[in-house]
Amino acid sequence: MKILVTGGAGFIGSHLVDRLVEEGHEITVLDNLFRGRLRNIDAHISSGHVEFLNQDIRNFDQVKKACSGCELVYHLAAQSNVMGAVEDMRYSFSTNVTGTFNVLLAAQEEGVRRLIFSSSREAYGEAEYLPVDEKHPLNSKNSYGASKAAGEKYCQVFQNSGDLEVVILRLANVYGPRDFNRVIPIFIENIKRGKDITIYGGKQLIDFISVPFVVDVMRLAAHNREALSGPVNVGSGQGTTLFELANRLMTLFGKNNQVVVEAARSAEVVKYTSDLKRFKAIFQTTPAGDPLEYLKEMV
Ligand SMILES: NC(=O)c1ccc[n+]([C@@H]2O[C@H](COP(=O)([O-])OP(=O)(O)OC[C@H]3O[C@@H](n4cnc5c(N)ncnc54)[C@H](O)[C@@H]3O)[C@@H](O)[C@H]2O)c1
């Protein structure tokens, strides 16, 4: 299959690309390296398994060319960082909203069969109840969540047009190797350097899910018909506090750093766990019982 992965040089995208290469597909990665790193997919580019386009999803013509002849598009390119999106709303809007629109339109015009959109639990905002099911209102709390909610709305418009199949996956907090500047990699760096671990607020409840599981789901989403019926949560269904996370990591490294609590950051959603009823019914699979199980392998 010919497949386009936007954002394929990034954290989740590059793990997906590894899997697609293993499966023997013909892959194009379009990424402007805003946060992606070429070294994540270098080996596949050198071996000729991946064509890399250092391009921008805000440029419609480039996206349209990249979609040509593709059966499937995984759309992951985004300003993926909550605080980054808050600091530069123009970039997050132009990339996550206009860019997503470009990818949808280009895919439809080029006759792509299906597009898989990486949405986020941030679209829900602060939860009115836990666990959060897909019927929960989208009360996005920050510009990242709002941009993902807007992207979803356009996905639904294209899906309803009948010309392009669109799957919307609302990912919880994904973790694994190659990620950076998010809570798990930051904690790991600080633990290794013997620095304090800073927790903002301290009331957070986070639904962590490992990147190999998310890649499995993305592959299932390429063919599953039920997945076309509306957004689907992808998470562990369990909440972890940042204190639990810090303790698990310190135990893995055999360290005992000081944990410091600072003022909460107002843009951050405090508590989220995914309701997985719809997910399990659609994909017939279940995440690991311990959401942090994969930390050991990752570390
Ligand atoms: N990591 C998570 O926990 C998580 C959770 C929910 C949703 N998501 C979504 O999953 C997707 C992948 O996330 P990730 O964690 O791998 O993030 P990432 O930042 O590592 O990957 C995103 C990629 O998009 C590229 N990009 C950014 N702007 C672009 C533009 N204008 N044109 C082309 N490429 C551009 C970046 O360079 C990067 O390689 C994103 O859409 C993100 O919003 C991630």
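Treat the numbers as computed from the prediction; the structure is a model and nothing was measured. (Residues numbered from 1 in each chain as written. Predicted model: local features only at pLDDT ≥ 70, side-chain atom pairs only at ≥ 80, totals over all residues.)

Caption draft 1: How the structure looks around the nonpolar core. Formed by 77 residues in total, the largest nonpolar core has its most connected members in Val73, Leu169 and Val214. If one sorts the elements of this core by residue count, helix 8 (residues 211-220) sits on top with six residues. Taken together, domain 1 (2-174 + 210-234) and domain 2 (175-206 + 237-274 + 285-298) each give at least three residues to this core, which thus spans both. Look past the residues within four positions of Val73 in its chain and what remains in contact with it is Leu4, Cys67, Val103, Ala107, Val112 and Leu115. (Core = buried A, V, L, I, M, F, W, Y, C linked by C-beta atoms within 7 Å. Buried ≥ 20, exposed ≤ 12 C-beta atoms within 10 Å, placed from the backbone. Helix = DSSP H or I, 4+ residues; strand = E, 2+ residues; numbered from the N terminus. Domains from an automatic or database assignment. Contact = placed C-beta atoms within 7 Å.)

Caption draft 2: Examining the site of the ligand more closely. Around the ligand sit 27 residues in total, of which Gly7, Gly10, Gly36, Ala78 and Ser80 are the nearest. Going through the elements one at a time, helix 1 (11-22), helix 5 (89-109), strand 5 (114-120) and strand 7 (173-175) are the ones with two or more residues in the shell around the ligand. The greatest single-element share of the shell around the ligand, amounting to three residues, is contributed by helix 1. Among the residues forming the shell around the ligand, the class breakdown is eleven nonpolar, twelve polar and four charged. (Near = placed C-beta within 6 Å. Nonpolar A, V, L, I, M, F, W, Y, C, P; charged D, E, K, R; others polar.)

Caption draft 3: Broad picture of the environment of Arg121. Of note, Arg121 is situated in the loop between strand 5 and helix 6 (143-161). Among the residues examined, Arg121 registers 25 C-beta atoms within 10 Å and is labelled buried. Setting aside anything within four residues of it in sequence, one finds Arg121 in contact with Arg170, Leu171, Ala172, Asp207, Gly235, Tyr272 and Ser274.

Caption draft 4: Fine view of the packing of helix 1 against helix 8. The interhelical angle for the contact between helix 1 and helix 8, taken along N-to-C directions, is 60°, at an axis separation of 10 Å. Compared by their axis directions, helix 1 and helix 8 come out oblique. Between helix 1 and helix 8 lies a crossing of right-handed hand. Residues Ile12, His15, Leu16 and Arg19 of helix 1 form the contact with helix 8, whose participating residues are Val211, Val214, Val215, Met218 and Arg219. When grouped by side-chain class, the residues that make up the contact of helix 1 with helix 8 number six nonpolar, one polar and two charged. (Axes fitted to C-alpha atoms, helices over the stretch in contact; angles between N-to-C directions. Parallel < 35°, antiparallel > 145°, perpendicular 65-115°, else oblique. Left-handed = near helix turned anticlockwise from the far one by under 90°.)

Caption draft 5: Focus on the domain arrangement of the protein. Considered domain by domain, the protein is made up of domain 1 (2-174 + 210-234) and domain 2 (175-206 + 237-274 + 285-298). The distance between the C-alpha centroids of domain 1 and domain 2 comes to 24 Å. Opposite the 26 residues of domain 1 that make contact, domain 2 presents 17 residues. Secondary structure elements with two or more residues in the side of domain 1 that touches domain 2: helix 1, helix 4 (82-87), strand 7 and helix 8.

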